[in-house]
Amino acid sequence: MLDALTAIFEALPYLLKGAIATSGIVIGAMGLGLVMGVHMAVGQVYGNRAVRWFVGLYVWFFRGVPVLVLLFLFYFGLFAIVGLNLSAFTASILVLGMTTAAYQSQIFRGAILSLPKGQLQAARALGMSDIKAIISIILPQALRFSIPGWSNEYSIILKDSALAFVLGTSEIMARSHFVASRTYHHLPLYITAGCLYFLLTWIGVRALLKLEAKVRIPGYSQ
Amino acid sequence: MTKPKKPILRVENICKILGGKEILKSVSLSLNKGELKVLIGPSGAGKSTLLQCINFLIPPDKGRVWLEETEIQNRKKRDLYAFRQQVGMIFQDFNLFDHLNALENVAIALRKVKKMSRQAARDHAVAELERVGLGDKITLYPAELSGGQKQRVSIARALAMEPKIMLLDEPTSALDPELIGEVLSVIRDLAQGGMTMILATHQIGFTRSLADEVLFMENGRIIEQGSPKDLLSPDACSRSWDFCSRLNELHEEGV
């Protein structure tokens, strides 16, 4: 028992560095997914036929293939073919980012479609271009309504980030596995790894709840 | 001898088919500066569609629109946006921007479209809100306002753009009866202040006292037009009078 605690205690600084790497992957992927997802959602709702078709195809592909397959496919295949020599860390961010973009785009699309149509009409009637109306009127509301779904996506991507281990990214899972196989304290180390993921999920979801409360529109019932 | 006035807005032969149904069948009208024309008619007559075709929120299939001497080329985006700035539109459901308070609702287009500074837009917005009697409500959000207040914010929002004409699409139809008066009185002030307007409404009393001309629409056509005195009196034997008296009967029965 004491052995196990000592093992955890000794490994903790090393694992916490892994937690920083995990956070980096998740923040990078969620950020990339946010930027891509918003554009894709706008394209899918307001774009012409070609744009809608392209976004549809993208979403169909990234939602249809397992993340593990995508990681291998891009890291060992596609990135190399296009001449990109990326670190495992960067590749993990890109692949997870492109994957979550597909899911996030559908969160945003749903939020945009849930807004009353009249507001876009009113913005147009005031002389706004569609782009201006989307930026000033549609997205500020759609993004607010997307926070609960986005928080869900955060917790999914956080846990999917453990798969980056297979590319050799030095995150929580990789480091736990490394220590565990060296010290044979498998159970305590994986429990610690699980706790770190649990903690990161909790912090992120709480932060998003706070954000949701902060940007709530006065007078709207929750 | 009076000089014939030049129309400020001219609409010619607007046609629109929606979902296989002919909603507008070659509708034409013109509007002189300072005139208030009232569109009446049963629901489904095409009043809303006509108003939305005038500022191309619904692009008409056929037809032409002139503002003053200029024909609007709605395919040129820049021209279209410039035209819409000069045509204020009021909707039945207010269509306020839900995430912005009353002040920001009025100020946003001033900043984003008219490129005014934040401070100038704010000052102008406050003045417009005071004009519709909402000087004390500027920080409230749409969800915190009553229907009548929302509609007055939307009028202030349109007026802030300093439009040459206003299109009002049943501005009181979504309101509780006791809130109609406050909105009508704002519109009355506008009419008396010389604003040029087309108003679709079922408020017959208001029409009778303020309209310069009544346009009665049915099945996508303007079938009668004339002064309220001519159309809305029992001895006119008009389709308009028939329609209005039936509306009044409904009111008297308390429906």
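Keep in mind that what you see is a predicted model, and the values were worked out from it rather than measured.

1. What about the overall build of chain A?
Counting secondary structure elements, chain A contains eight helices and zero strands. Structurally, chain A occupies a C-alpha span of about 70 × 50 × 25 Å along its principal axes. Put simply, chain A has 222 residues, and 37% of those count as buried. Counting only contacts in chain A whose residues sit at least 6 apart along the sequence, the fraction spanning at least 24 positions is 80%.

2. Describing the overall build of chain B
Secondary structure assignment for chain B yields nine helices and ten strands. Oriented by its inertia axes, the alpha-carbon framework of chain B measures out at about 55 × 50 × 45 Å. When the 255 residues of chain B are sorted by exposure, 45% land in the buried category.

3. Remarks on helix 8 (residues 186-214) of chain A
Residue and element names in this part refer to chain A. For helix 8, built from 29 residues, the straight-helix expectation of 42 Å at 1.5 Å per residue is met to within 8% by its first-to-last C-alpha distance of 42 Å. For helix 8, the full list of buried residues reads Pro-188, Leu-189, Thr-192, Ala-193, Leu-196 and Leu-200. The elements touched by buried residues of helix 8 are helix 1 (2-46), helix 6 (130-160) and helix 7 (172-183).

4. Considerations on the environment of Ser185(B)
All names here are of chain B. When you line up the elements, Ser-185 lands in helix 6 (residues 177-192). Classification of Ser-185 by C-beta neighbours within 10 Å gives partly exposed; the count is 14. Sequence separation between Ser-185 and Pro-142 is 43 residues, and the spatial gap between their C-alpha atoms is 21 Å.

5. Re the pairing of strand 4 (residues 62-67) of chain B
All names here are of chain B. Here five bridges tie strand 1 (residues 7-18) to strand 4, and the two strands are oriented antiparallel to one another. What sits directly across from Arg-10, in strand 4, is Trp-66. Taken together, the two bridges between strand 4 and strand 5 (residues 70-71) define a ladder with antiparallel strand orientation. When the sheet's bridge partners are listed, Leu-67 is paired in strand 5 with Thr-70. Here strand 4 folds back onto strand 5, and the loop between the two strands holds two residues, one of which, Glu-68, carries a positive phi near 55°.

6. Digging into helix 6 of chain B
All names here are of chain B. Helix length check: helix 6, at 16 residues, gives a terminal C-alpha distance of 23 Å against a target of 22 Å (1.5 Å per residue), a fit within 8%. Those residues of helix 6 that sit buried are Val-183, Val-186, Ile-187, Leu-190 and Ala-191. Taken end-on, helix 6 shows its buried residues confined to a sector of 145°, consistent with a single buried face. In helix 6, the exposed residues that point more than 90 degrees away from the buried face are Glu-178 and Gln-192. If you follow the buried residues of helix 6, they end up packed against strand 3 (36-40), helix 5 (147-160), strand 7 (165-169), strand 8 (196-200) and helix 7 (204-210). Of the residues flanking the end of helix 6, it is Gly-194, one or two places downstream, whose phi is positive at about 90°.

7. A look at the sheet that holds strand 7 of chain B
Residues and elements named next belong to chain B. Within the open sheet, the six strands sit side by side as 6-7-8-3-9-10. Their pairing is mixed. With partners counted over all chains shown, the strands left at the sheet margins are strand 6 (87-90) and strand 10 (221-226), one partner each. Ignoring which end each strand starts from, the neighbouring axes of this sheet average 20° apart.

8. A word on the confidence of the model for chain B
Predicted confidence across chain B gives a mean pLDDT of 91, with 96% of residues reaching 70 or more. Among the scores for the predicted complex, ipTM is 0.91 and pTM is 0.90.

9. Here we look at the packing of helix 3 (residues 102-112) of chain B against helix 4 (residues 118-131) of chain B
Residue and element names in this part refer to chain B. Their axes nearest at 8 Å, the elements helix 3 and helix 4 cross at an angle of 130°. If you check the angle between helix 3 and helix 4, you find them oblique. Relative to helix 4, the crossing made by helix 3 is right-handed. Listed contacts from helix 4 to Ala-102, Leu-103, Val-106, Ala-107, Leu-110 and Arg-111 of helix 3 are Arg-118, Ala-121, Arg-122, His-124, Ala-125, Val-126, Glu-128 and Leu-129. Of the residues contributing to the contact of helix 3 with helix 4, the split by class is nine nonpolar, one polar and four charged.

10. Overview of the interface of chain A and chain B
Counting residues at the interface gives 20 residues for chain A and 22 residues for chain B. Residue composition of the side of chain A that touches chain B, grouped by class: nine nonpolar, eight polar and three charged.

11. Here's the deal with the pairing of strand 10 of chain B
Residue and element names in this part refer to chain B. Across five bridges, strand 9 (residues 213-218) lies against strand 10 in antiparallel orientation. Bridge pairing links Phe-216 to Glu-224 in strand 10. In this structure, the hairpin formed by strand 9 and strand 10 is closed by a connection of two residues, where Asn-219 is found at a positive phi of approximately 50°.

12. Overview of the nonpolar core
Of all hydrophobic cores here, the largest spans 131 residues; its most connected members are Val106(B), Leu129(B), Ala156(B) and Met197(B). Here this core takes 13 residues from helix 1 of chain A, the largest share from any one element. Leave out the neighbours within four places in its chain, and Leu129(B) touches Ala102(B), Leu103(B), Val106(B), Leu134(B), Gly135(B), Ile138(B) and Ala156(B).

13. Observations concerning the environment of Glu144(B)
Mapping Glu144(B) onto the fold places it in the loop between helix 4 and helix 5. Considered as a pair, Glu144(B) and Met166(B) are 22 residues apart in the sequence and their alpha carbons are 26 Å apart. Apart from the residues lying within four places of it in its own chain, the contact partners of Glu144(B) are Pro218(A) and Gly219(A).

14. Observations regarding the sheet that holds strand 5 of chain B
Ordered by their spatial adjacency, four strands build an open sheet running 2-1-4-5 (chain B), and the pairing between neighbours is antiparallel. Two strands in the sheet have a free side with no partner beyond their single neighbour: strand 2 (21-32) and strand 5 of chain B.

15. A few points about unusual backbone geometry
Residues and elements named next belong to chain B. The phi torsion at Phe-56 lies on the positive side, around 65°, for a residue other than glycine. Its location among the elements puts Phe-56 in the loop between helix 1 (47-54) and strand 4. Judged by local crowding, Phe-56 falls into the partly exposed class, with 18 C-beta atoms found within 10 Å. Residues other than glycine seldom take positive phi values, yet Asn-219 does so here, at roughly 50°.

Each value, and the rule that gives it
- Sequence order as written defines residue numbering, which begins from 1 separately in each chain.
- Naming scheme: in the order in which they are written, chains are lettered from A and ligands are numbered from 1.
- Where totals are concerned, whole chains, interfaces and linings use all residues; where local detail is concerned, this predicted model gives features only for residues with pLDDT of at least 70, and gives and counts side-chain atom pairs only at 80 or more.
- In this description a helix means any DSSP run of H or I spanning at least four residues, a strand means any run of E spanning at least two, and both kinds are numbered starting from the N terminus.
- Three exposure classes are used, all based on how many other C-beta atoms lie within 10 Å of a residue's own C-beta (placed from the backbone): buried at 20 or more, exposed at 12 or fewer, and partly exposed between those limits.
- Throughout, a residue-residue contact means that the two C-beta atoms, derived from backbone geometry, are no farther apart than 7 Å.
- In a helix, the anticipated span is given by 1.5 Å times the number of residues less one.
- Two strands qualify as a pair provided that DSSP identifies no fewer than 2 bridges between them.
- The directions considered for the arc run from the helix axis to the C-beta atoms.
- Here the axes come from fitting lines to C-alpha atoms, over the contacting stretch only for helices, and the angles between their N-to-C directions go from 0 to 180 degrees.
- Confidence of the predictor at the level of single residues is given by pLDDT, which spans 0 to 100.
- Should an angle lie under 35 degrees it is considered roughly parallel, over 145 roughly antiparallel, and from 65 to 115 roughly perpendicular; all remaining angles are considered oblique.
- Take the far helix as the reference: if the near one is turned anticlockwise from it by less than a right angle, the crossing is left-handed, and if turned clockwise, right-handed.
- When residue character is reported, Ala, Val, Leu, Ile, Met, Phe, Trp, Tyr, Cys and Pro are called nonpolar, Asp, Glu, Lys and Arg charged, and the others, Gly included, polar.
- In plain words, the nonpolar core is the set of buried Ala, Val, Leu, Ile, Met, Phe, Trp, Tyr and Cys residues that C-beta atoms within 7 Å link up.

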